[in-house]
Amino acid sequence: MSVVLPVRAPARGGRLSRRLRRTADNPWGRPRFLGAVTWLYMAWSIVPVVIAIQFSFNAGRSLTAWQGFSLSRWYWGDPINSVFKDPALQHALLQSLKLAGLDVLIAVPLGVSLALGLARWRGPGAKAANFLMLFPLVTPEIVMGVALFLVFLHLFTFIHPGTTAQLLGHVTFSISYVVIVMRGRLFSIGRDYEEAAIDLGATHWQTLRLVLLPLLVPAVLASAIIVFAISIDDFVISSWLSCGSSCDTVPINVYSAARQAPLPSINALAAMLVYITIGVVLIGYGLYRLAMRGNRGSLADLGV
Amino acid sequence: MYPRWLWRASALPGTVWLFLLFLVPLYAVVAIAFGDVSPIFQLPVPVWNPLDWHFEHMSQVLTLFAPSHELWLVFVRTLIYVVAALALSVLIGYPVAYYIARFSHRSRTTLIVLLLVPFLVSYMLRMLSWVNLLAPDGYVNSVLTGLGILRTPYDWLGGHGFVVVLGLVYGYVPYLILPLYATLDRIDQRHLEAARDLGASRFSTFIHVTLPLSKTGLLGGAAIIALPMFGDYYTTNILSGTPDTSMLGNQIDFYFHGGPQPTVGAAITVVLAAFLVVVMSYYLFSVNRAQKEMHAV
Amino acid sequence: MAGGAVSLSALAKQFGDFVAVAGIDLDIPSGEFFSMLGPSGCGKTTTLRMIGGFEKPTSGRILLDGVDVTETSAHRRPVNTVFQSYALFPHLNVFDNVAFGLRRARVDKTNVRRRVATALELVGLTGREHSKPIQLSGGQQQRVALARALILEPAVLLLDEPLGALDAKLRKNLQTELKALQKTVGITFIYVTHDQEEALTMSDRIAVMCDGRVDQLGAPREVYEEPSTVFVADFLGVANLLPAKVVDSNGNGGCRVRLGETELDAGRGDTATRGDAMLVVRPERVFLEEHGSAGPNRVPGMVERVVYLGPAVQVVVRLAAGGTIQALVQGTSDELRWRQGTPVHAHLPGDALRVLTSREPEIAPAGDDQEEKR
């Protein structure tokens, strides 16, 4: 075949459109454009945070110019301004962890028991409770913040703004997340296991203890991780129920410092929270995997 | 199987908690918005009985919402910011979720982990990182001036609406992508193959099959991010901090923390909540319809 | 082990407005392999769940060896269930799954070990004690579920489509095994299935259910050969259903039936009825003959389709009277005689023709409905 046919140029459209059309028509072609968008998005969403964490290791005081690497200066090295030496920063970190830890301890049992009840309870009250449970998820935090602020000011006056009020607020917005996660898991395990246990002579209490609760462990862990993460991240509720500087959490500290020429120690403080969250999530995920052995699990179990 | 009282008892603590610390507080806002003001210190006095409600504060606030009044501007601005941020989020989020669900193979795990990273980083740190980047001597300005695109550093943080909108998108888009990804991932591949088999091109398969099937996830994700955006005040404060970019949340914040009139703040909160209830009702209506359509197939 | 006798009287269950079980009376003697057969939604699983104690009957009673257990809670009934999903506890290994019931009954350790070993031997799973359910194949999981239920030596074993999730070949093997197992342990099995072949091969007796009622109760041969309703005839294998009119008695215990232009003798079923009825004939009882062959009970038609089935050939004949009839032709010599378009006479022997009058009103003007189906 040595005859070279003259290539006829397409009537309309240049090389680009031809190429686009070919890409679109090729059944096995990978959509490079979508891939590029995806990876660009990933870079856009993560690089700024990485840079911010990088500046927590800046040797100098600047947040915009890199002045060399110092592992410790803004964490514990600087005698006045580092996270571990500045009482305000140190206190904020503790306050954040205290709230998140207690939130997990209170919201998870409450939510688990509520989810179990809502999944099984049939009756006129059940629908209302189910509806009520969904509301905190769709209420903007500022509305909830204002509401709690006012109710502690005018009705439940025995609770003053402060750590207790903050904790009550955190638990209130956390419960619903626990319920959603648990409900997904309850739905995916169904009722066969419990019926089998009852059938084999287990009492109700034994069924709950020996079958249902072990099967729910992965979801309990997942919801604990989620509650910890949203509590650590919360700014609005903590700030509306705050008692002033001694109630400041890390997000409140970061918020108030952000526009006032802060030192890299504020980045270090926020970064500390990231390390702790990642640590908690990794430990929780390990336990989750351990608990899920033998289960067919999926993202759907997490209520996603 | 189980004794009847067990589940009711199990649901009781959580329900009571939500009643006392969610429902009652919401009512407290209404009781203040329609309440009294003490004569001397101008402090709000809640009125718990709806029959005794005062409507003057609410009507006063409502006049501020009338076109070309103070709150009208803020309301319109909030609406524009949220709609713009929502549109941009969908424009960015849909392709990403679609690509990960349909085309990533070996890189899927990596991409999902990267997708989850923003959830591990607190919102404030993510905003702080942009404050650092957009500072007059920050990386963004130095890169742009270095490339010759800008001659002098631009004052990004000086109160620009588009910066606030981009900040909202940056803050909230992960919450849109995740549910969208979950929905797209759950679409049965066989539906798509059937569409191709019946002669639909890639593009028309997407338009006629994928898009309708992902409608619930898209609407759900949009609601998840739109609702908190309407109540947001910290993003605009941290990225602009001028009254030019003030949103409804800022007004509420102002009347409670800066201003002397919590009653007005409560009234604005009620207006915001009422507006969102309307939006939500429409949303629930359309989700319901979308689901019915799905079941009809 | 001695099997328990189960007796249901006027047992009914309603879910809101939906009637799942509409008053059932059944007596299942001790040691019987009893099947409830029917399409999904016929109430068979609900009946089983009521016997197991998972659903509270709306009305009626359940007696076990003469004792009323209607109000007894599930974990106190000497009845165990093999669930459709097996419901093996995923967090427990095979041994702990099988031992679960014994431990609830506070059986001591050495006895638990001994009895679990025996039970696993019975189902051929010795050596898999420490596997988790997810590591087992479908068939093995099914055996664990059986062992777990049998180890408590129940008076009655309830099986809810236990073979539903398995592939065809495995299902066949397990059918035989299950029947043999039931003979060995000697307890009453109540088996729920929608697969007619499964029910026919394993059961001592079958209750064919439809719309919450028992349509027919009898031995496999009885329900297959002598269906008492159109539904049973249709559900149990392929049956030819021909709308016809009963005109007269034939003076011989049977009746004369008009099918199109032809009058036939029908010797079985409800021969005392008059007027619209259904004629049922099994394909294997339809004989094809050359066109024009003489004799009674012959109807003319034309071969419409010939389908090779392996051991037999299915011939579909379009009748001159309207509608089609299927004939199953065994052997090889005959199969070549029938080709598409061949005019034939179908011989429908009088002793193979059953006259059924439907109790369902919607099929009562039988002709219309059957025409629409085609």
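Trainee: Which residues make up the overall build of chain A, and what values go with them?
Mentor: Along chain A, the regular secondary structure elements total 12 helices and 0 strands. Reading the secondary structure of chain A in the N-to-C direction produces α-α-α-α-α-α-α-α-α-α-α-α. Buried positions account for 47% of the 304 residues belonging to chain A. Here the analysis covers contacts within chain A between residues at least 6 apart in sequence; of these, 71% occur between residues at least 24 apart.

Trainee: Quick rundown of the sheet that holds strand 5 (residues 67-68) of chain C? Include the residues and the values.
Mentor: Residues and elements named next belong to chain C. Ordered by their spatial adjacency, 4 strands build an open sheet running 2-1-4-5, and the pairing between neighbours is antiparallel. This sheet does not close on itself; its edge strands, each paired only once, are strand 2 (18-28) and strand 5. By the bridge criterion, 5 bridges tie strand 1 (residues 6-15) to strand 4 (residues 59-64) in an arrangement that is antiparallel. Bridged to Val6 within strand 4 is Leu64. Those strands touched by helix 1 (residues 44-52) are strand 1, strand 2 and strand 4, and its axis lies near 115° from that of strand 1.

Trainee: Residue-level account of the interface of chain B and chain A, with values.
Mentor: Opposite the 77 residues of chain B that make contact, chain A presents 69 residues. When the residues that make up the side of chain B that touches chain A are grouped by side-chain class, the tally is 61 nonpolar, 12 polar and 4 charged.

Trainee: Now, about helix 8 (residues 192-199) of chain A: what can you tell me, with residues and values included?
Mentor: Taking burial as the measure, the 8 residues of helix 8 of chain A include 7 buried ones, the bulk of the element. Its buried side turned inward, helix 8 of chain A meets helix 7 (163-189) and helix 9 (204-233) of chain A together with helix 1 and strand 6 (79-82) of chain C. Just downstream of helix 8 of chain A, Gly201 of chain A is the residue with a positive phi angle, here 100°.

Trainee: Describe the nonpolar core, and please don't skip the residues or the numbers.
Mentor: Val146 and Val178 of chain A, Val29 of chain B together with Leu279 of chain C are the most contacted members of the largest nonpolar core, which totals 274 residues. When neighbours within four sequence positions are excluded, Leu279 of chain C is seen to be in contact with Leu242, Ala244, Val257, Leu259, Ala266, Leu353 and Val355 of chain C.

Trainee: Describe the confidence of the model for chain C, naming the residues involved and giving the relevant values.
Mentor: Residues and elements named next belong to chain C. Averaged over all residues, the pLDDT of chain C is 85; the fraction at 70 or higher stands at 93%. Under a pLDDT of 50 for its full length, residues 360-374 has, in the predicted model, 16 contacts with residues more than four places off or in other chains. Among the scores for the predicted complex, ipTM is 0.88 and pTM is 0.80.

Trainee: How would you summarise the packing of helix 2 (residues 32-55) of chain A against helix 12 (residues 264-291) of chain A if you had to cite specific residues and measurements?
Mentor: Residue and element names in this part refer to chain A. Between helix 2 and helix 12, the shortest axis-to-axis distance is 7 Å and the interhelical angle comes to 120°. Comparing the axis directions of helix 2 and helix 12 gives the class oblique. Here helix 2 runs over helix 12; the crossing is left-handed. Here Ala52, Ile53 and Phe55 of helix 2 lie close against helix 12, whose contacting residues are Pro264, Asn267, Ala271 and Val274.

Trainee: Requested: an account of the pairing of strand 17 (residues 298-308) of chain C, with residues and values cited.
Mentor: All names here are of chain C. Across 5 bridges, strand 17 lies against strand 20 (residues 343-347) in antiparallel orientation. Bridge assignment links Val299 to a residue of strand 20, and that residue is Ala346. When strand 17 meets strand 18 (residues 312-319), the two strands line up antiparallel, connected through 7 bridges. Following the sheet pairing, Tyr308 is matched in strand 18 by Val313. In sequence, strand 17 turns back onto strand 18 through a hairpin of 3 residues, with Gly310 there showing a positive phi of about 100°.

Rules behind the numbers
- Residues numbered from 1 in each chain as written.
- Chains lettered and ligands numbered in written order.
- Predicted model: local features only at pLDDT ≥ 70, side-chain atom pairs only at ≥ 80, totals over all residues.
- Helix = DSSP H or I, 4+ residues; strand = E, 2+ residues; numbered from the N terminus.
- Buried ≥ 20, exposed ≤ 12 C-beta atoms within 10 Å, placed from the backbone.
- Contact = placed C-beta atoms within 7 Å.
- Pairing = 2+ DSSP bridges.
- Axes fitted to C-alpha atoms, helices over the stretch in contact; angles between N-to-C directions.
- Nonpolar A, V, L, I, M, F, W, Y, C, P; charged D, E, K, R; others polar.
- Core = buried A, V, L, I, M, F, W, Y, C linked by C-beta atoms within 7 Å.
- pLDDT = per-residue confidence, 0-100.
- Parallel < 35°, antiparallel > 145°, perpendicular 65-115°, else oblique.
- Left-handed = near helix turned anticlockwise from the far one by under 90°.

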